[in-house]
Amino acid sequence: MSYKLIDIELSEPLTPIELSTEQTGVGLIARWRGRLIAFEMIERPAGSTLSVESLKALADERFAERILVVKLEEELRTRLPTKDAPLPNLSIAICTKDRAQRLSRLLRSLDRVRAGAAFQFVEIIVVDNASVDTSTREAVESFPDIRYVFEPKAGLDFARNAALHGARGDIIAYLDDDVVVDRNWLAGLAKACRDNPGVGGFTGLVLPFRLDTQAQIFFERRGGFGRGFARREFHKARFDNPLHPVGAGVLGAGCNMAFDRALLIELGGFDEALDTGAPLPGGGDLDIFYRVLRSGRPMIYEPEYAVYHEHRETIPQLRRQYWTWGLGMMAFLVKSYRTDDEMRARHRAMVRWWFFDQLKALARAARRLRGHDLRFGIAELWGGIYGLAGEYDRSRARIRSIRERNP
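Every residue gets a number counted from 1 within its own chain, in the order that chain's sequence is written. With pLDDT at 70 or above as the cut-off, local features in this predicted model cover only qualifying residues; side-chain atom pairs require 80 or more to be listed or tallied, and sums for whole chains, interfaces and linings still use all residues. The side-chain values count all of the structure's non-hydrogen atoms but skip hydrogen atoms and water molecules.

Caption draft 1: Structural context of the domain arrangement of the chain. Domain limits in this description derive from either an automatic procedure or a database domain assignment. For the chain, the domain assignment lists domain 1 (2-79), domain 2 (90-314) and domain 3 (317-405). When each unit is reduced to the centre of its C-alpha atoms, the spacing between domain 2 and domain 3 is 22 Å. With 35 residues of domain 2 at the contact, the number on the domain 3 side is 35 residues. In short, buried area is how much 1.4 Å probe accessible area vanishes from two parts on joining, totalled over both. In terms of surface lost to domain 3, no three residues of domain 2 exceed Arg222, Leu243 and Val246, which account for 21% of the buried area on that side. Note on definitions: salt bridges are taken to be side-chain nitrogens of Lys or Arg within 4 Å of carboxyl oxygens of Asp or Glu. Remark: the boundary between domain 2 and domain 3 carries 6 salt bridges. Under the rule applied, a polar contact is a pair of N or O atoms within 3.5 Å (in protein, one hydrogen donor and one hydrogen acceptor; residues adjacent in sequence only if both atoms are side-chain atoms). Counting across the interface, domain 2 meets domain 3 through 16 residue pairs in polar contact (both at pLDDT 80 or more). Only DSSP runs of H or I with at least four residues qualify as helices, and only runs of E with at least two residues qualify as strands; both kinds are numbered from the N terminus onward. Among the elements that line the side of domain 2 that touches domain 3, the one with the most residues is helix 8 (residues 284-294), at 5 residues. Note on definitions: a residue-residue contact is assigned when non-hydrogen atoms from the two residues lie within 4.5 Å.

Structure (structure tokens):
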């Protein structure tokens, strides 16, 4: 099972999409005049062709509303006065460990977009998070004008904080090494910064890099990292969600996020007991989104600020990812419950809601005989139970040991 991932421009003449005998569907990334407007997964017989007529019908049915929105926004921009305030300086931070090939792929994609950057100053910092050999440093040295920082304490939030304190930009954008940036990534971030001065942070669209395996297709069909193609603004309070901002995962994904660097420093940076690697590989993004909102500064989700993420290749890897999601969620909730007295009732309510929602999803999967959904749901539920049963405290003990070994 694999899907052909293809990027189409709807403002230009379309061409048929032909599938190979191994491909059983299409992952369609749709643009209008270069701007990302939609993503659709379409199941098709292996070896078949998606005709121009079928693509036009699909565009009329699924994409017409988004095209209309884009046209209206473009028209409004031509009529409204242009904001000519200078953009802030930007630092791009990539935290990586023992994945030189993926790092090189990401750096190539950044190399293609940074030449025309609207930001006055752009720097790229690669934080080598205790790699076991020199391949990461060698990958960085093969590109011009990239700063290399070695962080000996293994753990993603150790690396994120090393980048935070070593950066020179007013805005710091974090990218995971398993993404590549869209051609409009920097322009999308520049637009978000220009249109929203004074916000605390930004998240962006995350699309699949490839859909070559069953696990990658399952993950994307179950929602993936997608948060849609409409710009959204998040504040400290939300009237339509009594648990907000505790459910901070709706804001976006940690593989593509940016912040006001001074605000992050003021908040004390990332919590190094979250996102610590294999024992607790999650929770750090939820925690920082939550703390930015609780500071009173809003966050913006901007779909033009987009990346492509390489999803887990195998079913066991994907099952573990869902386990880590439950683990990280509960570790974050335990930490926040202890540190934010005003929100304690909401944290308790979120724990109750989360477990009830997981059990409902398991019941649906069992009724419909969806074996993979059932196993993924059990993994996430078990991760949540383990996370609630003291994982944050265990992680704090681990990072104390790490700091003692690396004073």
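So that's the structure; there's more coming.
Caption draft 2: Up close: empty space enclosed by the protein. Space inside and on the surface of the protein is sampled on a 1 Å grid over the protein atoms alone, with a cavity defined as a set of points where a 1.4 Å probe fits but cannot get out and a pocket as an open set with protein on both sides within 12 Å along at least 5 of 7 lines; lining residues have an atom within 4 Å of a point. Grid points are joined across faces, edges and corners, and a volume is the space filled by probe spheres set on the points. In the structure shown here, the tally under the stated rule is 1 cavity of 30 Å³ or more. The space that makes up the largest cavity amounts to roughly 40 Å³. The wall of the largest cavity is formed by Ala93, Cys95, Leu156, Arg160, Tyr174, Leu175, Asp176 and Gly254. Those elements giving two or more residues to the lining of the largest cavity turn out to be strand 6 (90-96), helix 4 (156-166) and strand 9 (171-176). Residues were grouped as follows: Ala, Val, Leu, Ile, Met, Phe, Trp, Tyr, Cys and Pro as nonpolar; Asp, Glu, Lys and Arg as charged; and all remaining residues, including Gly, as polar. Classifying every residue of the lining of the largest cavity by side-chain character gives 5 nonpolar, 1 polar and 2 charged.

Caption draft 3: Layout of the side chain of Arg66. Following the sequence through the fold, Arg66 ends up in helix 1 (residues 52-79). Although Arg66 lies buried, it forms no salt bridge, and the closest oppositely charged side chain, Glu73, sits 5.5 Å away as judged by the N-O distance. Ignoring sequence-local partners within four residues, the contact set of Arg66 consists of Arg35, Ile37, Phe229 and Ala230. Three exposure classes are used, based on accessible area relative to the maximum for each residue type with a 1.4 Å probe and protein chains only: buried under 20%, partly exposed in between, and exposed over 50%. Just so you know, the count uses Lys and Arg for positive and Asp and Glu for negative, and it drops His and the chain ends.

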